[in-house]
Amino acid sequence: MNTLVVIGNHLPRQCGIATYTADLCAAVAHVFPRTAVFALAMNDGVEDYDYPERVRFTLDQYDLSAYRRAADSINLSNADVVCVQHEYGIYGGSAGGDLLDLLRDLRAPIVTTLHTVLREPSAEQRRVLVELAQLSNRLVVMSERGGTFLREIYGVAADKIDVIPHGIPDIPFLDPSFHKDQFHAEGKQVLLTFGLLSRNKGLEHVIAAMPTILTHHPHVVYFVLGTTHPHVRQHEGEAYRTSLKALARSLGVAEQVIFYDQFVAIDRLVEFIGAADIYITPYLNEAQIVSGTLAYTVGAGKAVISTPYWYAEELLADGRGMLVPFADPAAIAERVQALLDNEAERHAMRKRAYLLGRAMIWPRVAERYMASFQRARVEHRLSERVGTRLRAADWHRGVLPPINLDHLRRMSDDTGMLQHAVMAVPNTNEGYTTDDNARALIAAVKLEELGHPGAADLATRYLAFLWHAFNPNEGRFRNFMRYDRHWLEEAGSEDSHARALWALGTTLHCSARPDLIGVADALFINALPAALAFTHPRPIAFALLGLYEYLQCFPGDRLAQQTQATLAANLLARYAEHRTDDWRWFSPELTYDNAILPHALLLSGSTLGRTDMSAVGLEALAWLAALQRDEAGHMVPIGCHGFAQRGTARARFDQQPLEAHAMALATLDAWRITGDDTWLAETHRAFDWFLGRNDLGLALYDPITGGCHDGLLMDRVNQNQGAESTLAYLLTRLALGRVTDLPSSVLIAAEHVVLTPPVVPVSRNGRAREGRVR
């Protein structure tokens, strides 16, 4: 997973969820360093917070329009998962309902952590949580009771819920005396409560128990650590803390009740926890589904006394702590005395708590969150919440998407076609490639053949790029050029050289312009010899496709015929070497542009009169088509994250437009040669993939820009629209637009050209082209 965005409060804002969000982000980033983790912090208007760099976005919780802008920002970030920290009070609107406006507009999968799950919600609270559950792919709760409430009260399916414990720092199991000197508490027995102060914490009942405790254990001190909750302080100042101090004075225990009005960093908090002999949570309300302070102290192996709120009942079961009734100072005093009197039992309780806490340390919690994130991504791609912008069914009704060259022109300048885009904006940092300009030349001459305005100028520009790319000293095409027109190599890859041959052969076959034909012919003749030295199957296949086009014009060129025969025999031998009944392929792996291999062998067999080659091409193509066909009927291209190795599971993602383009062209020619409509069905399937008939139901083609997204990820489309992807769609669309008698009655005005194998090569002026003999 590349990018995680976490929504919630964040430090230095002082609250439990801010601490949790910051800790979760840090833990995931630490355990999974390849995942970029960013936070969207909710602002409450109380003060301006100096957030750390990880907080990339902030949101005013009371500004509804800001929620919608935040959704746009997250979508632009290409987040793989959005993790929401939910508590009703930190979001605006009735019962925090403004959050829903943000989530409705998100494209990424959503995992929501519920810090509160009410047993008796108001109607509005229930409505918000039910919709929140519907918008979320996974729900995380920190207790089994939280999961039970979700199922029984809110109707959430059990298989949508992940129970992940509250994360805690990894605190060593130490004797409390180790840290007591830092607090001038040597020789004393320390009781501790920490957290933000508010009246529902019930601290007055521990203070009320202190006189009884001191009667039996005169060296006890009670530490109260924490600032007053900012919202409480905003409305009533320090009234609650003042009342607690007054109570301690009136009971004569002011010297034994020590207040630390601090919001401490984690390192200092660990020292406070370490110094405690007994931790006490005297909360007054049972309806608390989680408590970070209790999780911290149980995980640190502290002896704990607590009132029986829901989370405490679950966490302190099986002898990991003691429960006392709500608002009962006498019971608190009795339990404290019992633990201080029985050191063996106290230490046994500590050990039981500490052992449970090993599964709660943040690295383990981060691993469990990542598992939930991955489940969410898988489920998200199958979710109906993902909308489809363009359905493949439209073109089966006889309407192909109109040709839109806006993005092709946008990506092209006076040098050639740029390689990459950031979304739909050309990325000049990445420069140009011969690969893409060769593809663009094929598209331009096909468009010129259809009489499309502007195609001639584009074809000239792309052919000029190839002319400049050819290095006569090496007999090879360079591939990578910087934006400042400096080449990065003297000879490019075999792939780029072979794609250039394909483009030049297509230009010779399809263009009617003498200037283009003359340049393409000279380049083709000079570049062809290098093809005999190719060592990889795909450049051999690209070269064969170029030779097929070239030989439609010059069938008597003996050097071209000999080169075609040699390269085709090479592919055929590779197939014979690697083919088995369950692996009908040219190598032990399937990688990229796969259908090019059987396509090249099929066309070569048709021109060489080699039925064995054509038969192998059809067999391999049929096997590949079946492998890339989902049970639901749509195409599933081999994913580029791992590809497919013989004997192992194939990669499902990321799916690349190049694969659908290669399959569409190969099966279209298989249909043209065999007349078997089964092949045309596969052509439909491949083109449908671009228009939304795929694993996610999302269109790769963008009719607004005229571009094509760079791939289908596990849970969304890649937002970038680079040259390769845009040309893959455009070339597929152009090939389909030339066919007039599809069984689905796909008819395009002014494009009624049937793809049939030419018997006699004819130039655009009607004269048969003479075969070249070398």
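J.: Please explain the overall build of the protein chain as it appears in this structure.
T.: Helix and strand counts for the protein chain come out as 28 helices and 20 strands. Expected size for 774 residues packed as a compact globule is a radius of gyration near 28 Å; at 35 Å, the protein chain overshoots this value by more than 25%. The contacts of the protein chain with a sequence gap of at least 6 include a subset with a gap of at least 24, amounting to 69%. Accessible surface, the protein chain as shown: approximately 29700 Å² in total, 52% of it carbon and sulfur. Taken together, the 73 basic and 89 acidic charged side chains of the protein chain have centroids lying 2 Å from each other.

J.: Would you take a moment to explain unusual backbone geometry for this structure?
T.: A negative phi angle characterises most non-glycine residues, just as the trans form characterises most peptide bonds. The omega torsion across Leu 11 and Pro 12 is 15°, close enough to zero to call that bond cis. Following the sequence through the fold, Pro 12 ends up in the loop between strand 1 (3–8) and helix 1 (16–31). Omega for the bond connecting Phe 653 with Asp 654 falls within 30 degrees of zero, at -10°, which places this linkage in the cis form. Mapping Asp 654 onto the fold places it in the loop between strand 20 (644–645) and helix 26 (657–674). Positive phi outside glycine occurs at Phe 643, with the angle close to 55°. On the secondary structure map, Phe 643 appears in the loop between helix 25 (611–627) and strand 20.

J.: Can you walk me through the packing of aromatic side chains in this structure?
T.: Two measures describe an aromatic ring pair: the distance that separates the ring centres and the angle between the ring planes. Per the counting criterion, the structure on display carries 30 aromatic pairs. On the basis of an interplanar angle of 55° and a centroid distance of 5.0 Å, the ring pair of Tyr 575 and Phe 586 is categorised as tilted. On the criterion of sequence distance, the pair formed by Tyr 575 in helix 23 (residues 558–578) and Phe 586 in the loop between helix 23 and strand 19 (589–590) is long-range, its members being 11 residues apart. Note on accessibility: Tyr 575 and Phe 586 belong to one class, buried. Residues Phe 690 and Tyr 729 carry aromatic rings whose centres are separated by 5.5 Å and whose planes lie at 70° to one another, so their mutual orientation is edge-to-face.

J.: Sorry, what's going on with the packing of helix 24 (residues 596–608) against helix 25 here?
T.: Helices that pack against each other are described as a pair by the angle of their axes relative to one another and the distance between those axes. Contact geometry of helix 24 with helix 25 gives a least axis separation of 7 Å together with a crossing angle of 155°. As summarised for this structure, helix 24 and helix 25 are arranged roughly antiparallel, according to the angle between their axes. Seen along the crossing, helix 24 lies across helix 25 with a hand that is left-handed. In this structure, helix 24 uses Pro 598, Leu 601, Leu 602, Gly 605, Ser 606 and Leu 608 to contact helix 25, whose residues at the interface are Met 613, Ser 614, Val 616, Gly 617, Leu 618, Ala 620 and Leu 621. Among the residues making up the contact of helix 24 with helix 25, the classes are represented as 9 nonpolar, 4 polar and no charged.

J.: Any chance you could explain the sheet that holds strand 7 (residues 161–163) here in plain terms?
T.: For sheets, the rule is that strands pair by backbone hydrogen bonds, running either parallel or antiparallel. With parallel pairing, the 7 strands of this open sheet are ordered in space as 3-2-1-4-5-6-7. The outermost strands of the open sheet, each flanked by one partner alone, are strand 3 (55–60) and strand 7. When the angles between neighbouring strand axes are averaged without regard to direction, this sheet yields 20°. Looking at chain direction, strand 5 (residues 110–114) and strand 6 (residues 138–141) are connected through 3 bridges and run parallel. Residue pairing for strand 6: Thr 112 is matched across the bridge by Leu 139. Across the sheet, helix 4 (residues 123–135) touches strand 4 (81–86), strand 5 and strand 6, and the angle it forms with strand 5 is around 145°. Lying on the sheet, helix 15 (residues 362–380) is in contact with strand 1, strand 4, strand 5, strand 6 and strand 7; it crosses strand 6 at an angle near 160°.

J.: Quick question: what am I supposed to make of the state of the cysteines here?
T.: What we call a disulfide is simply a covalent bond connecting the sulfur atoms of a pair of cysteines. All chains considered together, the criterion is met by 0 disulfides. For Cys 83, which is in no disulfide, the shortest distance to another cysteine sulfur is to Cys 25 and amounts to 8.2 Å. Here Cys 640 is not disulfide-linked; the sulfur of Cys 708 is the nearest cysteine sulfur, at 14 Å.

J.: Please clarify how the pattern of salt bridges should be interpreted in this entry.
T.: When their charged atoms lie close together, side chains carrying opposite charge are able to pair. Summed over all chains, the structure comprises 43 salt bridges. For the salt bridge of Lys 180 with Asp 277, the shortest nitrogen-to-oxygen distance reads 2.6 Å. Here Asp 277 lies in the loop between helix 10 (266–275) and strand 11 (278–281) and Lys 180 lies in helix 6 (residues 177–180), a separation of 97 residues in the sequence. When its relative accessible area of 6% is taken as the criterion, Lys 180 is described as buried. Assessed through its relative accessible area of 8%, Asp 277 is described here as buried. Linking Arg 513 and Asp 515 is a salt bridge whose minimum nitrogen-to-oxygen distance equals 2.7 Å. According to the relative accessible area criterion, Arg 513 is buried, its value standing at 18%. Residue Asp 515 is classed as partly exposed on the basis of its relative accessible area, which comes to 43%.

J.: Is there a simple way to explain the pairing of strand 1 in this structure?
T.: Within a regular strand, the side chains alternate between the two sheet faces. Along strand 1, 6 of the 6 residues are buried, which leaves the element largely enclosed by surrounding structure. In this structure, strand 1 lies alongside strand 2 (residues 36–43), joined through 6 bridges in parallel fashion. Residue pairing in the sheet places Gly 8 in a bridge with Ala 41 of strand 2. Read from strand 1 through helix 1 to strand 2, the crossover connection turns out right-handed. Two strands pair when backbone bridges link them, and strand 1 and strand 4 are joined in this way by 4 bridges, in the parallel orientation. Each residue of the ladder has a partner; that of Val 6, found in strand 4, is Cys 83.

J.: Just checking my understanding: could you explain the nonpolar core for this structure?
T.: Soluble globular proteins tend to pack their nonpolar side chains together in the buried interior. Counting residues in each nonpolar core, the largest one holds 117 residues, and the members touching the most others are Leu 408, Leu 466, Phe 477, Leu 571, Trp 585 and Phe 690. Discounting residues that sit within four places of it in the chain, Trp 585 has contacts with Arg 538, Arg 574, Tyr 575, His 578, Arg 579, Leu 590, Asn 594, Leu 597, Pro 598, Ala 620, Trp 623 and Leu 624. With 109 residues, the next largest nonpolar core counts Leu 4, Cys 15, Val 55 and Leu 139 among its residues.

J.: What is the right way to read the packing of helix 4 against helix 5 (residues 144–154) from this model?
T.: The contact between helix 4 and helix 5 brings their axes to 12 Å, and the two run at 105°. Considered as vectors, helix 4 and helix 5 are oriented roughly perpendicular to each other. Every residue of helix 5 that contacts helix 4 at Arg 126, Leu 129 and Val 130 is listed here: Leu 150, Ile 153 and Tyr 154. Along the lines of polarity and charge, the residues of the contact of helix 4 with helix 5 split into 5 nonpolar, no polar and 1 charged.

J.: Is there a simple way to think about helix 25 in this case?
T.: Residues separated by three or four positions in an α-helix point in the same direction, a consequence of the helix having 3.6 residues per turn. Under the 1.5 Å per step criterion, the end-to-end length of helix 25 is 24 Å for 17 residues, consistent within 8% with the ideal 24 Å. All buried positions along helix 25 are accounted for by Met 613, Ser 614, Val 616, Gly 617, Ala 620, Leu 621, Trp 623, Leu 624 and Ala 625. On its buried face, helix 25 is in contact with helix 23, strand 19, helix 24, helix 26 and helix 27 (677–691).

Cut-offs applied
Residues numbered from 1 in each chain as written. Predicted model: local features only at pLDDT ≥ 70, side-chain atom pairs only at ≥ 80, totals over all residues. Heavy atoms only, no water. Helix = DSSP H or I, 4+ residues; strand = E, 2+ residues; numbered from the N terminus. Rg over C-alpha atoms; globule rule 2.2 N^0.38 Å. Contact = heavy atoms within 4.5 Å. Areas by Shrake-Rupley, 256 points an atom, 1.4 Å probe, with all protein chains shown as cover. Lys, Arg positive; Asp, Glu negative; His and termini not counted. Charge placed at Lys NZ, Arg CZ, Asp CG, Glu CD. Phe/Tyr/Trp six-rings, centres within 6.5 Å; stacked < 30°, edge-to-face > 60°. Buried < 20%, exposed > 50% of the residue type's maximum accessible area, 1.4 Å probe, protein only. Axes fitted to C-alpha atoms, helices over the stretch in contact; angles between N-to-C directions. Parallel < 35°, antiparallel > 145°, perpendicular 65-115°, else oblique. Left-handed = near helix turned anticlockwise from the far one by under 90°. Nonpolar A, V, L, I, M, F, W, Y, C, P; charged D, E, K, R; others polar. Pairing = 2+ DSSP bridges. Disulfide = S-S within 2.5 Å. Salt bridge = Lys/Arg side-chain N within 4 Å of Asp/Glu carboxyl O. Right-handed = clockwise from strand over helix to strand, strands pointing away. Core = buried A, V, L, I, M, F, W, Y, C linked by side-chain atoms within 4.5 Å. Expected span 1.5 Å × (residues − 1).

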